[in-house]
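Descriptive structure summary
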Amino acid sequence: MKQQTLTLVAKVRDEAKLRAVLGEIARTRVAVGIKEQPAFFADPKLGIHFARLVHIPSERRFDAWLALESNFDSDSVDPDRARELHIDDLIRSQPEGMRSLFSCCEGFPKDASLGALGAYCKRQLVAATVTYEGHAARSLARIRLEQHVRDVVLDFVGTRPPKPPLELFGEIRDHVRVQTRKDPRLKGLDLDESPPSSPDPRVRSDKLGAGLFPWVEQGIPTAAKMLPSIPSIVKWNSEDDGYDPGDEQQAWTNVDRESFNDLAASEDHGLQNALTHVVPLKPGVDREGVLRQAHAYIDRMSHEHFADIGCLGGIPTIHFAKWLLIDGGKRLLFFSNYDHSWESYLGDFIDAAALGLNLAWSCTEKYPKTTWLFTGGAKDEEAFKAWGRKYQRPTQVFYSAYPDLSISTINNNTWIRYGLHYEPGTIDLETWFRRLT
């Protein structure tokens, strides 16, 4: 089982109808964990970790778009085949809902068959320029198993008198081993076998201590491909304007203020939140090419380095992140699912990953001024947060299969489970017991 991701982006023909359809989908909810979630994505057969539906309204020179984004488990290791199968599953699960959504879009087939709907949806697939998974190699079933293992351990520890760690750890292992024969929620757990091969704690430890080497190693191919664009980048260093939050706010209309209030009201309602952001690229023939090269670098770092560590650019609160180009390469769309508040999320970004933010967005409209694409920019916290808010858009429908679990909890549960596969005395018990608190 492998985590896969897809994004469908379709040009909208009837925005009023789409708003009504999205409103109905958002209101139709079922219990998932401790919270109610949109029923549209909740069919267990879909294997969805996170999903969203977003209406990107028409503005200035740009058309309106509908985006459907999903992060899901698949038996297929071929990403293209996995996406096609997932579209088929979505249509089987929500035939009328999918038909209602995409009937608001251009090119929707007059043939009302499910086969025609599936073919239409597959034509709307858009490839991402960067993707990131915060808990790679863990299926929905495994995340739930490892959360239950932690609960079983904590319940048992709560019944035991104080004991030396080595003795208590041995009793915990014996108890969990007995429970695996009685508790169906522990099905598949065998402490006498080796733990899953991924994530590998030794690889994680090695990469945490690798310093700047991965950045240099993965950056060499990008630097070589960017050499022809150096004259353009030098020109941008002197000609690009920065972002002035004061000037922007003085120019706000009542519509802008209402939009700001609507966005703020839709955030920070739970442990997990969703961010949708869409911004035009700056003018210039080299902008898209340079952005694509910068994103290829970030994508290599995401898959070859950060996925093994469990954090993106040093930020431990991101479940999934994805960038992709729409409008024929004229706008950059960003989706992210994160823990805690918008303020803390962007603060983490600025503190730990300003260089990566600059590479990701330097070529976009009104981004805080950078030099050589990677210095400055997000280091201006006030300007970066104001710019981020300016181009943020509401996420009308957001689904999480485990709304009560943070990314740090999911990763911590994995390491608790791994420890139980080892004999007492062969692991660092102080670290293992600390993970229970």
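This section reports on the structure supplied with the text.

The rules behind each value
- Residues numbered from 1 in each chain as written.
- Predicted model: local features only at pLDDT ≥ 70, side-chain atom pairs only at ≥ 80, totals over all residues.
- Heavy atoms only, no water.
- Helix = DSSP H or I, 4+ residues; strand = E, 2+ residues; numbered from the N terminus.
- Rg over C-alpha atoms; globule rule 2.2 N^0.38 Å.
- Buried < 20%, exposed > 50% of the residue type's maximum accessible area, 1.4 Å probe, protein only.
- Areas by Shrake-Rupley, 256 points an atom, 1.4 Å probe, with all protein chains shown as cover.
- Pairing = 2+ DSSP bridges.
- Contact = heavy atoms within 4.5 Å.
- Salt bridge = Lys/Arg side-chain N within 4 Å of Asp/Glu carboxyl O.
- Lys, Arg positive; Asp, Glu negative; His and termini not counted.
- Expected span 1.5 Å × (residues − 1).
- Patch = residues over 30% accessible without salt bridge, like charges linked within 9 Å, V, L, I, M, F, W, Y side chains within 5 Å.
- Axes fitted to C-alpha atoms, helices over the stretch in contact; angles between N-to-C directions.

For the rest of this paragraph, the subject is the overall build of the chain. Secondary structure summary: the chain contains 16 helices and 13 strands in total. Whereas a compact globule of 437 residues would reach a radius of gyration of roughly 22 Å, the chain reaches 23 Å, a difference of no more than 12%. Principal-axis analysis of the C-alpha atoms gives the chain an extent of 65 × 55 × 40 Å. Looking at the chain as a whole, 52% of its 437 residues qualify as buried. Roughly 20100 Å² of accessible area belongs to the chain as shown, and the carbon and sulfur atoms make up 53% of that amount.

The next subject is the pairing of strand β8 (residues 318-326). Where burial is concerned, most of β8 is hidden: nine out of the nine residues are buried. Note: strand β6 (residues 130-133) against β8, four bridges, orientation antiparallel. The residue of β8 that forms the bridge with Thr131 is Lys322. As paired elements, β8 and strand β9 (residues 331-339) share eight bridges and run antiparallel to each other. Note on β9: the bridge partner recorded for Ile318 is Tyr338.

So, on to the environment of Ala307. Position of Ala307 relative to the elements: it lies in helix α12 (residues 287-309). By relative accessible area, Ala307 is classed as buried at 18%. With 170 residues separating them in the primary sequence, Ala307 and Ala137 have C-alpha atoms 9.3 Å apart. With near-sequence residues (within four places) excluded, Ala307 lies in contact with Tyr132, Glu133, Ala136 and Ser302.

So, on to the pattern of salt bridges. A side chain of one charge can pair with a side chain of the opposite charge if their charged atoms are brought near each other. Here the structure, examined in full by the defined rule, presents 29 salt bridges. Linking Glu59 and Arg331 is a salt bridge whose minimum nitrogen-to-oxygen distance equals 3.6 Å. One end of the pair, Glu59, is in the loop between β4 (48-56) and β5 (65-74); the other, Arg331, is in strand β9, with 272 residues separating them in the sequence. According to the relative accessible area criterion, Arg331 is buried, its value standing at 1%. One salt bridge in this structure joins Glu146 and Arg142, with 2.8 Å as the shortest N-O distance. Of the two residues, Glu146 and Arg142 both sit in helix α5 (residues 140-157), four residues apart, roughly one turn of that helix. This pair shows no difference in class: Glu146 is buried, exactly as Arg142 is.

Relative to the assigned elements, Arg150 resides in helix α5. Of the buried charged residues, Arg150 lacks a salt bridge, with Asp151 as the closest side chain of opposite charge at 4.5 Å. If near-sequence neighbours (up to four positions away) are discounted, Arg150 is found in contact with Asn413, Ile416, Arg435, Leu436 and Thr437.

Now for α5. An ideal rise of 1.5 Å per residue puts 26 Å on 18 residues; α5 measures up with 26 Å between its terminal C-alpha atoms. Check the buried side of α5 and you find it contacts β4, β5, α6 (165-179), α15 (407-420) and α16 (429-434).

Here we take up a nonpolar patch on the surface. On the surface, a cluster of nonpolar side chains totalling about 530 Å² of accessible area is made up of Leu227, Ile230, Val234, Leu355, Trp372 and Phe374. Along the chain, the position of Val234 falls in helix α9 (residues 230-239). Judged by relative accessible area, Val234 falls into the partly exposed class, the value being 40%.

Reading across from one edge, β1-β5-β4-β13 is the order of the four strands in this open sheet, with antiparallel pairing throughout. In this open sheet, the two edge strands, each paired with only one partner strand, are β1 (2-11) and β13 (397-400). On average, each strand axis in the sheet is tilted by 10° relative to the strand beside it, whichever way the strands run. Pairing between β4 and β5: eight bridges, direction antiparallel. The residue of β5 that forms the bridge with Phe50 is Asn71. Packed on one face of the sheet, helix α3 (residues 95-102) meets β1, β4 and β5 and runs near 145° to β5.

Treat this as a map of the structure, not an account of what it does.
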